[in-house]
Amino acid sequence: ERQPSPINQQWGSGHSSSGVSAGVSLLHLGPKVTIADAEQAFPPPSLLLAGVSWFPVTSNWLHLRLAAELEKQLAESSQLDHIRSGAELQYSRLLVLRGGYVLDTDGYRNSYPSWGAGLLFKYGSINVSRYNASLMSSWHFDLRFSLELS
């Protein structure tokens, strides 16, 4: 029988519900965008994202995930643009409750909380969330289906 690697035991992996997961991504990389002429060219909105998540509580009925993410626009100033944090509580692999906060490092006017809930099924999920960004409140609904082929 194949034994899991020590790294997966310590840090978690993929869909694991234990340990720590971390990731980094670069988005929207490329040459300057030119619409009319080369003098008006501007860089794409390139982003650097780095995040980490941790499951401090894991049992047969209850899973708690804590997560944080840093966002930096590469074409702008040297400071971070946003810091996101959140928590997700999953009960009995059926009900999920979420809460989070987005901190805009330029000022608190653009910082906002968010919350959400979801129902998990064998082949999908239903989720709803709400956030109040600046003057605009927004709802988000999604319905996801998944099928794993072996």
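Look up a bit, the structure's there.
One numbering rule holds for all chains: residues counted from 1, following each sequence as written. Totals for whole chains, interfaces and linings use every residue, but because this is a predicted model, local features are given only for residues with pLDDT of at least 70 and side-chain atom pairs only at 80 or more, for both listing and counting. Side-chain measures here rest on the full set of heavy atoms in the structure, leaving out hydrogens and waters.

A. Quick peek at the overall build of the protein chain. Put simply, DSSP H or I for four residues or longer makes a helix, DSSP E for two residues or longer makes a strand, and each gets a number counted from the N terminus. A count of helical and extended segments in the protein chain gives 1 helix and 8 strands. The helix and strand sequence of the protein chain, counted from the amino end, reads α-β-β-β-β-β-β-β-β. For every residue, the accessible area obtained with a 1.4 Å probe (protein chains only) is divided by the maximum for its type, and the residue is called buried under 20%, exposed over 50%, and partly exposed between those limits. Looking at the protein chain as a whole, 19% of its 150 residues are labelled buried. When the accessible surface of the protein chain is totalled, it reaches about 11300 Å², and 60% of it is carbon and sulfur. Only the protein chains shown count as cover for residues, and the accessible areas themselves come from Shrake-Rupley with a 1.4 Å probe.

B. Broad picture of unusual backbone geometry. Residues other than glycine seldom take positive phi values, yet histidine 28 does so here, at roughly 60°. Mapping histidine 28 onto the fold places it in the loop between strand E1 (20-27) and strand E2 (47-58). The phi torsion at arginine 93 lies on the positive side, around 50°, for a residue other than glycine. Mapped onto the elements, arginine 93 comes out in the loop between strand E4 (82-91) and strand E5 (95-104). Residue classification places arginine 93 among the exposed positions, given a relative accessible area of 52%.

C. How the structure looks around the packing of aromatic side chains. Stacked, edge-to-face and tilted labels apply to pairs of Phe, Tyr and Trp rings (six-membered ring for Trp) whose centres lie within 6.5 Å, assigned for plane angles under 30 degrees, over 60, and everything in between, in that order. Scanning all chains against the criterion turns up 4 aromatic pairs. Ring centres 5.7 Å apart and planes at 35° place the aromatic pair tyrosine 112 and tyrosine 131 in the tilted group. Separated by 19 residues along the polypeptide, tyrosine 112 in strand E6 (residues 112-121) and tyrosine 131 in strand E7 (residues 124-133) bring together distant segments of the chain. Accessibility expressed as a relative area gives 18% for tyrosine 112, which makes it buried. Look at tyrosine 131 and you get partly exposed, because its relative accessible area is 28%. Ring geometry for tryptophan 115 against tryptophan 139: centres 5.5 Å apart, planes inclined by 90°, an arrangement best described as edge-to-face. Here tryptophan 115 is found in strand E6, whereas its partner tryptophan 139 is found in strand E8 (residues 136-145), with 24 residues between them in sequence. Relative accessible area serves as the criterion here: at 46%, tryptophan 115 is assigned to the partly exposed category. Overall, the relative accessible area of 44% leaves tryptophan 139 in the partly exposed class. Three or more aromatic residues link up through ring pairs in this structure, and these residues are Trp115, Trp139 and Phe141.

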